[in-house]
Amino acid sequence: MLLIIGFVVVLVCVIGGYALAGGHLEVLWQPYEFLIIFGAAIGAYVIGNPTTVLKKTGGAVVSAIKGPRYNKAAFLELLSLLYSVFKLAKTKGMLALEQHVENPHDSTLFHQFPIFAKDHHAVTFLCDYLRLMTLGTENSYEMEALIDIELETHAQEEHEVSHAIQNMADGMPALGIVAAVLGVIHTMGAITEPPEVLGHLIGGALVGTFVGVWTSYGFIAPISNAIRSTHDSEMRYLHCIKSGLLAHLQGYPPAVSVEFARKALQTHVRPTFYEVEEATQKLQPV
């Protein structure tokens, strides 16, 4: 929503300011300039990126418009889930988790936490490492190194789209200059025309430079930043799981392990210690 509000502000302030200053809006309508700039930008985007990035672009833009999926309530639910998992492992042994890990979609434990259960990647992430623990993995340092490798790989994959869109933004001013140069070439072919005709052609050519710079810094680069910010925020969800798993692997009680996980969260989405305590006390036994 904030992305849309920002777009409206950029559009109204720039176009509105131009109109209020006495500019003629009809001069800005140069469809052939737009075709050159945006057509070349889209073509370059297709050339410069693999199919996987092209397929993820639309979804990434939509996710940036919606904003991060996880709020304070979602993290409170996650901490409650981790508490349930760790408590079950402490009281009944790690093998008690096997049925939930091997069939997470049928797990009565995971179904108590619908936000987590709907996140396929988070479910797979947690179950993979719980499975290693049920198989006898006990070295927390080796586990941490393995988790860090996966998180780094996942972050690189998630940032591919934002990097690609940022590259597009970086190229837009140059494409605007290309459109402007072509407009000037067209104007040179009409050099014998009267001044009012030449003025219209030159103005149309300069619109290309304006559109390239404006769309780059006013729209496309902010989209890239919004996508990157959204992905970084969602990575905290996995980092929270990581912190809890490592604390549990080191032998801490469930409440302490959950506190490790809570401390990994950003302050604006971090539940208080007492909120977590109250939520865990209301949990149904598995």
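As shown above, the structure is provided for reference.
Residues numbered from 1 in each chain as written. Predicted model: local features only at pLDDT ≥ 70, side-chain atom pairs only at ≥ 80, totals over all residues. Heavy atoms only, no water.

## A few points about the overall build of the protein chain
Looking only at helices and strands, the protein chain features 11 helices and 0 strands. Starting at the N terminus and ending at the C terminus, the protein chain contains elements arranged as α-α-α-α-α-α-α-α-α-α-α. Compactness check: the protein chain gives a C-alpha radius of gyration of 27 Å against a globular reference of 19 Å for 286 residues, more than 25% above the reference. Each principal axis of the C-alpha distribution contributes one length, and for the protein chain these read about 90 × 35 × 30 Å. Across the 286 residues that make up the protein chain, the buried fraction comes to 42%. (Helix = DSSP H or I, 4+ residues; strand = E, 2+ residues; numbered from the N terminus. Rg over C-alpha atoms; globule rule 2.2 N^0.38 Å. Buried < 20%, exposed > 50% of the residue type's maximum accessible area, 1.4 Å probe, protein only.)

## Description of the packing of helix α3 (residues 51–66) against helix α9 (residues 195–249)
Each packed pair of helices is defined by two parameters, the angle between the axes and the distance between the axes. The geometry of α3 relative to α9 is characterised by a closest axis approach of 9 Å and an angle of 80° between their N-to-C directions. Relative to α9, the element α3 is oriented roughly perpendicular. Where α3 approaches α9, its residues Ala-60, Val-61, Ser-63 and Ala-64 are matched on the opposing element by Ile-223, Ala-226, Ile-227, Thr-230 and His-231. For the contact of α3 with α9, the class distribution of residues is 6 nonpolar, 3 polar and no charged. (Axes fitted to C-alpha atoms, helices over the stretch in contact; angles between N-to-C directions. Parallel < 35°, antiparallel > 145°, perpendicular 65-115°, else oblique. Contact = heavy atoms within 4.5 Å. Nonpolar A, V, L, I, M, F, W, Y, C, P; charged D, E, K, R; others polar.)

## Topic: the side chain of Thr-280
Following the sequence through the fold, Thr-280 ends up in helix α11 (residues 273–281). Assessed through its relative accessible area of 12%, Thr-280 is described here as buried.

## Things to note about a nonpolar patch on the surface
There is a patch of nonpolar side chains on the surface, built from Met-1, Leu-2, Ile-4, Ile-5, Val-8, Val-9, Leu-11, Val-12 and Ile-65 and spanning about 830 Å² of accessible area. For the nonpolar patch, the element with the most residues is helix α1 (residues 2–20), which contributes 7 residues. Secondary-structure assignment places Leu-2 in helix α1. Overall, Leu-2 belongs to the exposed group, its relative accessible area being 72%. (Patch = residues over 30% accessible without salt bridge, like charges linked within 9 Å, V, L, I, M, F, W, Y side chains within 5 Å. Areas by Shrake-Rupley, 256 points an atom, 1.4 Å probe, with all protein chains shown as cover. Salt bridge = Lys/Arg side-chain N within 4 Å of Asp/Glu carboxyl O.)

## Let's talk about the state of the cysteines
Under the definition given, this model contains 0 disulfides. Cysteine Cys-240 shares no disulfide, and the gap to the nearest cysteine sulfur, in Cys-127, comes to 16 Å. Judged by its relative accessible area of 0%, Cys-240 falls in the buried class. (Disulfide = S-S within 2.5 Å.)

## Focus on helix α10 (residues 254–263)
If you check which residues of α10 are buried, you get Pro-254, Ser-257, Val-258, Ala-261 and Arg-262. Looking straight down α10, one finds its buried side chains confined to an arc of 145°; they lie on one side. In this structure, the buried residues of α10 make contact with α4 (72–92), α9 and α11. (Arc of directions from axis to C-beta.)

## Thoughts on the nonpolar core
In a soluble, globular protein the nonpolar side chains are often hidden away together inside. By size, the foremost hydrophobic cluster in this structure holds 45 residues, and its most contacted members are Leu-78, Phe-116, Leu-126 and Ile-241. Here this core takes 11 residues from α4, the largest share from any one element. Those residues within four positions of Leu-126 in sequence are excluded, and the remaining contacts are Leu-81, Leu-82, Phe-110, Phe-116, Ile-241 and Leu-245. Among the nonpolar cores identified, the runner-up in size contains 23 residues, and Ala-41, Met-172, Leu-175 and Ala-221 belong to it. (Core = buried A, V, L, I, M, F, W, Y, C linked by side-chain atoms within 4.5 Å.)

## Remarks on the packing of aromatic side chains
Following the criterion strictly, the structure yields 12 aromatic pairs and no others. Taking the centre distance of 5.4 Å and the plane angle of 85° together, the rings of Phe-273 and Tyr-274 count as edge-to-face. Judged by its relative accessible area of 38%, Phe-273 falls in the partly exposed class. (Phe/Tyr/Trp six-rings, centres within 6.5 Å; stacked < 30°, edge-to-face > 60°.)

## With respect to the pattern of salt bridges
Summed over all chains, the structure comprises 9 salt bridges. With its nearest N and O atoms 3.0 Å apart, the salt bridge here joins Glu-102 to Arg-131. Highlighted residues: Glu-102 in helix α5 (residues 98–102) and Arg-131 in helix α7 (residues 120–134), separated in sequence by 29 residues. Residue Glu-102 is classed as partly exposed on the basis of its relative accessible area of 41%. Here Arg-262 ties to Glu-259 by a salt bridge, and the two come within 2.6 Å at their closest N and O atoms. Of this pair, Arg-262 and Glu-259 both sit in helix α10, 3 residues apart, which is roughly one turn of that helix. On the accessibility criterion, Arg-262 (8% relative accessible area) is buried. By sharing partners, the salt bridges in this structure join Arg-69, Asp-119 and Glu-234 into a single network.

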